[in-house]
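Chain residues, written in single-letter form:
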Amino acid sequence: MRYEILGPLRVVDGDTSSSISARKIEIALAVLLIRADQVVTHDQLMTEIWGDRPPRRATAGLHVYISQLRKFLYRPGQLENPVVTRQSGYLLRTGSDELDVRTFLDLVKQGRADVREQRYEQAVHRFESALALWRGPVLGDLRDGPVLTGYATWLTEARLECLEMLADVCLRLGRHRELVGRLYSLTAENPLCETFYRQLMVALYRSERQADALMVYQAARRTLQDELGLEPGRALREVQQAILSDDNRQLGVLAPS
């Protein structure tokens, strides 16, 4: 089986994918997946499902949800159910099953290593393969409890970092023209992320669009002032100054971080 959480939660078995329609059972599976192969306590599960106001029979209700989850995950010929009971809670054993987030993190790690070894084409392939695993927001709309919320926030930041590294490597390879449209979209989707503005300015400058690059700086500055009352950071200011002084040495190559 393959568990997928980089988007709405679903379980893929061969050519068939299935989802859980009951929200509380879906939350239980989500928590067990993001803590895969670790024990999740009864209290943690109940907090994720009911918040800080669990019903009087929350423990009995949790047992029912776990029982239904086991039925959902059961497959003919299966020797043991992946959901295992422990004294303090429950554990989901992945065994040979796949989890898309693990694949994503492995690809990002390999991409970093490729960058360090200057294997830039391979790094692009790794980062693009990692991003292709995403089908939407992490776990869809399952962000009620602290564990799920924190995990979704962390993974969303990991995706943004992957996007930043991919753009840096593409600039290193001289693919600035094909980056412009993508980076305009990324600045619109992430208006407080200065890295995407900086990369867009470099891509535009290297595409002989100096005026557009400076307009991006002004747009970034207005956004940061309006939203946070801040001026652009040092890296963004340095790119602006390099464009104004036509510093090809600084703007010719943007080294990957």
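Scroll up for the structure.
Values in this document were obtained by computation on a predicted structure and should not be read as measured data.

Reading guide: rules and limits
Residues numbered from 1 in each chain as written. Predicted model: local features only at pLDDT ≥ 70, side-chain atom pairs only at ≥ 80, totals over all residues. Heavy atoms only, no water. Helix = DSSP H or I, 4+ residues; strand = E, 2+ residues; numbered from the N terminus. Expected span 1.5 Å × (residues − 1). Buried < 20%, exposed > 50% of the residue type's maximum accessible area, 1.4 Å probe, protein only. Contact = heavy atoms within 4.5 Å. Pairing = 2+ DSSP bridges. Salt bridge = Lys/Arg side-chain N within 4 Å of Asp/Glu carboxyl O. Axes fitted to C-alpha atoms, helices over the stretch in contact; angles between N-to-C directions. Parallel < 35°, antiparallel > 145°, perpendicular 65-115°, else oblique. Left-handed = near helix turned anticlockwise from the far one by under 90°. Patch = residues over 30% accessible without salt bridge, like charges linked within 9 Å, V, L, I, M, F, W, Y side chains within 5 Å. Areas by Shrake-Rupley, 256 points an atom, 1.4 Å probe, with all protein chains shown as cover.

1. Topic: helix H8 (residues 194-206)
Item 1. Here H8 contains 13 residues, and its C-alpha end-to-end distance of 19 Å stays within 8% of the 18 Å for a straight helix at 1.5 Å per residue.
Item 2. Counted residue by residue, H8 has 12 buried out of 13 residues, so it is predominantly covered.
Item 3. What H8 keeps buried is the set Thr 195, Phe 196, Tyr 197, Arg 198, Gln 199, Leu 200, Met 201, Val 202, Ala 203, Leu 204, Tyr 205 and Arg 206.
Item 4. On its buried face, H8 sits against helix H6 (146-172), helix H7 (176-189), helix H9 (210-228), helix H10 (234-244) and helix H11 (248-251).
Item 5. Once H8 finishes, Glu 208 follows within two positions and takes phi at roughly 65 degrees, a positive value.

2. Structural notes on the sheet that holds strand E3 (residues 16-18)
Item 1. Strand order in the open sheet formed by four strands is E3-E2-E1-E7, with mixed pairing between adjacent strands. Every interior strand has two partners, whereas the edge strands, E3 and strand E7 (98-99), have only one.
Item 2. The pairing of strand E1 (residues 2-4) with E7 spans two bridges and is parallel. Bridging from a neighbouring strand, Tyr 3 pairs with Leu 99 of E7.

3. Let's talk about the side chain of Asn 190
Item 1. Structurally, the position occupied by Asn 190 is in the loop between H7 and H8.
Item 2. Among all residues touching Asn 190, those that are not within four sequence positions of it are Leu 160 and Phe 196.

4. Describing the pattern of salt bridges
Item 1. Scanning all chains against the criterion turns up 15 salt bridges.
Item 2. For Glu 80, the salt bridge goes to Arg 93, with nearest N and O atoms at 2.9 Å. Taken as a pair, Glu 80 in the loop between helix H3 (58-73) and strand E5 (83-86) and Arg 93 in the loop between strand E6 (89-92) and E7 lie far apart in primary sequence, 13 residues in all.
Item 3. Arg 93 sits in the partly exposed class, given a relative accessible area of 30%.
Item 4. Here Arg 234 and Glu 238 are joined by a salt bridge, their closest N and O atoms 2.8 Å apart.

5. A closer look at the sheet that holds E6
Item 1. Judged by pairing direction, the sheet is antiparallel, and its three strands sit side by side in the order E4-E6-E5 without closing on themselves. The open sheet has two free edges, formed respectively by strand E4 (39-41) and E5, since each of these has just one partner strand. Across the sheet, the mean angle separating the axes of adjacent strands is 30 degrees when strand polarity is ignored.
Item 2. In this structure, E5 lies alongside E6, joined through four bridges in antiparallel fashion.

6. A closer look at the packing of helix H1 (residues 23-34) against H6
Item 1. Interaxial distance between H1 and H6 falls to 10 Å at its minimum, and their mutual angle equals 55 degrees. Considered as vectors, H1 and H6 are oriented oblique to each other. Along this stretch, H1 crosses H6, giving a crossing that reads as left-handed. When H1 is examined against H6, the residues Ile 27, Ala 30, Val 31 and Ile 34 are found in contact with a partner set consisting of Val 147, Leu 148 and Tyr 151.

7. Notes on a nonpolar patch on the surface
Item 1. A cluster of nonpolar side chains, contributed by Leu 192, Leu 228 and Leu 230, occupies part of the molecular surface with about 270 Å² of accessible area.
Item 2. Of note, Leu 192 is situated in the loop between H7 and H8.

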